[in-house]
Amino acid sequence: GEMTGEIKERAMDFVYNAIPKASSDKVAGFVNDEIKFMNSLGITYITDITLPEDLEAYKILFEKYSPEVFINSVLPFESYKEFFRLKFPLEKFADKIRFGGFKAFYDGSLSSETAYFRDNYKNSESCGSKTELVKSGDFERIGKQIDKNGYQILVHAIGDEAIKETLDFVEELNTVNGNRDRRFRIEHCQHISENDVKRFSELNVIASVQPAHLEVDATTATAKLNDTSTLHSYKKVLDEKGKIIFGTDFPVASENPFENIYYAVSRKTSAYPDGFNTSLAIDIADCLKAYTENNAYAAYMENKTGKLAVGYQADFIILNNDIFKAKINEIKDTKVEKTFYKGKLIYER
């Protein structure tokens, strides 16, 4: 009856499987409530890593609630062979959801020392590990099929070696399937080696990053790594004309975009109140572009939304302050006064 250890990574599946599942109808209600809250934060577009078992909840969500949001749904690599069967019941909701991508995990996490690095962790003989999907060869096999058929690939890669090998895989795709506008995304990109920074722009690979993770990562990296200079160093990708996009990886971190922007601009954390590697801070204009125009591009929607321009959807928000003039510490407390989606007022404080 007492806790005697810690359960990490995929071992948590045994715990999740023991918890009674909520009905799809109930899940749809929960999701609708969350979307309304996201609307209050100015969010009207999300990329969701969707498990196949949750697709029924989305169907109910659209039929019963018709939420004010557009979902860029990404399915697991392993579900690729069932793709057409899975997406068919939701094809009539094309104005609410699109299916165009598949996600894989190349490595684990920094905190559990399963993120895959070139060098070993402090006081350890381990440098982390690749996932079973990668080690079995399924990542390469399925990934080439997905890419050949024109779908987008998203890969979770945190350690510098995981990122390097993922970029190597993109080069291989160019060789076997030809160069094309694939907009390959690497999720997290927490530790990018200096040798790999330029490769993002050269290969048109998008760095999908979460600045708010710095709150935990700065402390964890200091404790576990001998070199912390690459931690959240994606500003260097930006400096080399690469594309970065922002998200928060909710529910891992708060869904609030302004907290995320605060961490990107300030590099401040509880443990590092003066900032952690502040030379890697990103300015407000680039942060907003990462959240809007670049995110639209990453979802192949750059001709529809992401800009305030003639011919684009009227998706915009009104804030309670000017974040260009606000003090850095005030950015995270920014409130949305109004949210408009397709020209319609959907939230007012």
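1. Details of the overall build of the protein
Summing up its helical and strand segments, the protein has 14 helices and ten strands in all. Taking 349 residues into account, the globule formula puts the C-alpha radius of gyration at 20 Å, and the protein, at 20 Å, falls close to it. Dimensions of the protein, computed from C-alpha atoms along their principal axes, come out at roughly 55 × 55 × 50 Å. Evaluated residue by residue, the protein yields a buried proportion of 48% over its 349 residues. Counting only contacts in the protein whose residues sit at least 6 apart along the sequence, the fraction spanning at least 24 positions is 69%.

2. Description of the pattern of salt bridges
Where charged atoms of side chains with opposite charge meet at close range, the side chains can pair. Overall, the coordinates contain 27 salt bridges when judged by the stated rule. The salt bridge involving Glu68 is made with Lys344; its shortest N-O contact spans 2.8 Å. One end of the pair, Glu68, is in the loop between helix H3 (55-64) and strand S2 (70-76); the other, Lys344, is in strand S10 (residues 344-348), and 276 residues separate them in sequence. The closest approach of N and O atoms between Asp147 and Arg182, which form a salt bridge, is 2.7 Å. With Asp147 in helix H6 (residues 138-148) and Arg182 in the loop between helix H7 (160-177) and strand S5 (185-188), this residue pair connects regions lying 35 residues apart in the sequence. A single salt-bridge network, built from bridges that share partners, covers Lys164, Asp168, Glu171, Asp196 and Arg199.

3. Some remarks on the pairing of strand S6 (residues 206-209)
Residues Ile206 and Ser208 of S6 are buried on one face, and the alternating residues Ala207 and Val209, pointing to the opposite face, are buried as well. Relative to S6, S5 is paired through three bridges, and the arrangement is parallel. Note on S6: the bridge partner recorded for Glu187 is Ser208. Of the pairings in the sheet, the one linking S6 to strand S7 (residues 244-246) comprises three bridges and is parallel in character. Bridging from a neighbouring strand, Val209 pairs with Phe246 of S7.

4. Topic: the packing of H6 against H7
H7 packs onto H6 with a crossing angle of 55 degrees between their chain directions and a minimal axis gap of 11 Å. Taken together, H6 and H7 sit at an angle that is classed as oblique. Where H6 crosses over H7, the two elements pack in a sense that is right-handed. Every residue of H7 that contacts H6 at Phe139, Glu140, Gly143, Lys144, Asp147 and Lys148 is listed here: Phe169, Glu172, Leu173, Val176 and Asn177. Considered class by class, the residues forming the contact of H6 with H7 number four nonpolar, two polar and five charged.

5. Quick look at the sheet that holds strand S4 (residues 152-157)
The strand order S1-S2-S3-S4-S5-S6-S7 describes an open sheet built from seven strands, whose pairing is parallel. The sheet is open, and its two edges are formed by strand S1 (45-49) and S7, each paired on a single side. In this sheet, neighbouring strand axes are inclined to one another by 30 degrees on average, regardless of whether the strands run parallel or antiparallel. Two elements, strand S3 (residues 97-105) and S4, share five bridges in a ladder whose sense is parallel. Bridge assignment links Lys103 to a residue of S4, and that residue is Leu154.

6. Focus: a nonpolar patch on the surface
Judged by side-chain polarity, Ile7, Val15, Tyr16 and Ile19 come together as a nonpolar surface patch covering roughly 360 Å² of accessible area. Locating Tyr16 in the fold gives a position in helix H1 (residues 12-18). On the basis of relative accessible area, Tyr16 is assigned to the partly exposed category, the value being 47%.

7. So, the sheet that holds strand S8 (residues 316-319)
Sheets are built from strands paired through backbone hydrogen bonds, the pairs being either parallel or antiparallel. Pairing is antiparallel across the open sheet formed by three strands, whose spatial order is S8-S9-S10. Only two strands of the sheet have a single partner each, and these edge strands are S8 and S10. Averaged over all adjacent pairs, the angle separating strand axes in this sheet is 20 degrees, with direction ignored. Inspection of the sheet shows S8 paired to strand S9 (residues 336-341) by four bridges, in the antiparallel sense. For Leu319, the partnering residue across the bridge sits in S9 and is Val336.

8. Description of the side chain of Ser79
Structurally, Ser79 can be placed in the loop between S2 and helix H4 (83-87). What Ser79 contacts, discounting residues up to four positions off in sequence, is Pro52, Leu86 and Phe102.

9. Observations concerning the nonpolar core
Core analysis: the largest hydrophobic core is formed by 73 residues, its most contacted members being Phe77, Phe139, Phe184, Ile186, Phe200, Ile244 and Phe246. Leave out the neighbours within four places in its chain, and Phe246 touches Val209, Pro211, Asn260, Ala264, Ile282, Cys287, Ala290, Tyr291 and Asn295. Listed in part, the eleven residues of the second largest apolar core include Leu110, Tyr121, Leu214 and Leu225.

10. What to know about the environment of Gly137
Mapped onto the secondary structure, Gly137 falls in the loop between helix H5 (132-135) and H6. Put simply, Gly137 and Ala94 are 43 residues apart on the chain and 34 Å apart in space, counted from C-alpha to C-alpha.

Scoring rules and cut-offs
Residues numbered from 1 in each chain as written. Predicted model: local features only at pLDDT ≥ 70, side-chain atom pairs only at ≥ 80, totals over all residues. Heavy atoms only, no water. Helix = DSSP H or I, 4+ residues; strand = E, 2+ residues; numbered from the N terminus. Rg over C-alpha atoms; globule rule 2.2 N^0.38 Å. Buried < 20%, exposed > 50% of the residue type's maximum accessible area, 1.4 Å probe, protein only. Contact = heavy atoms within 4.5 Å. Salt bridge = Lys/Arg side-chain N within 4 Å of Asp/Glu carboxyl O. Pairing = 2+ DSSP bridges. Axes fitted to C-alpha atoms, helices over the stretch in contact; angles between N-to-C directions. Parallel < 35°, antiparallel > 145°, perpendicular 65-115°, else oblique. Left-handed = near helix turned anticlockwise from the far one by under 90°. Nonpolar A, V, L, I, M, F, W, Y, C, P; charged D, E, K, R; others polar. Patch = residues over 30% accessible without salt bridge, like charges linked within 9 Å, V, L, I, M, F, W, Y side chains within 5 Å. Areas by Shrake-Rupley, 256 points an atom, 1.4 Å probe, with all protein chains shown as cover. Core = buried A, V, L, I, M, F, W, Y, C linked by side-chain atoms within 4.5 Å.

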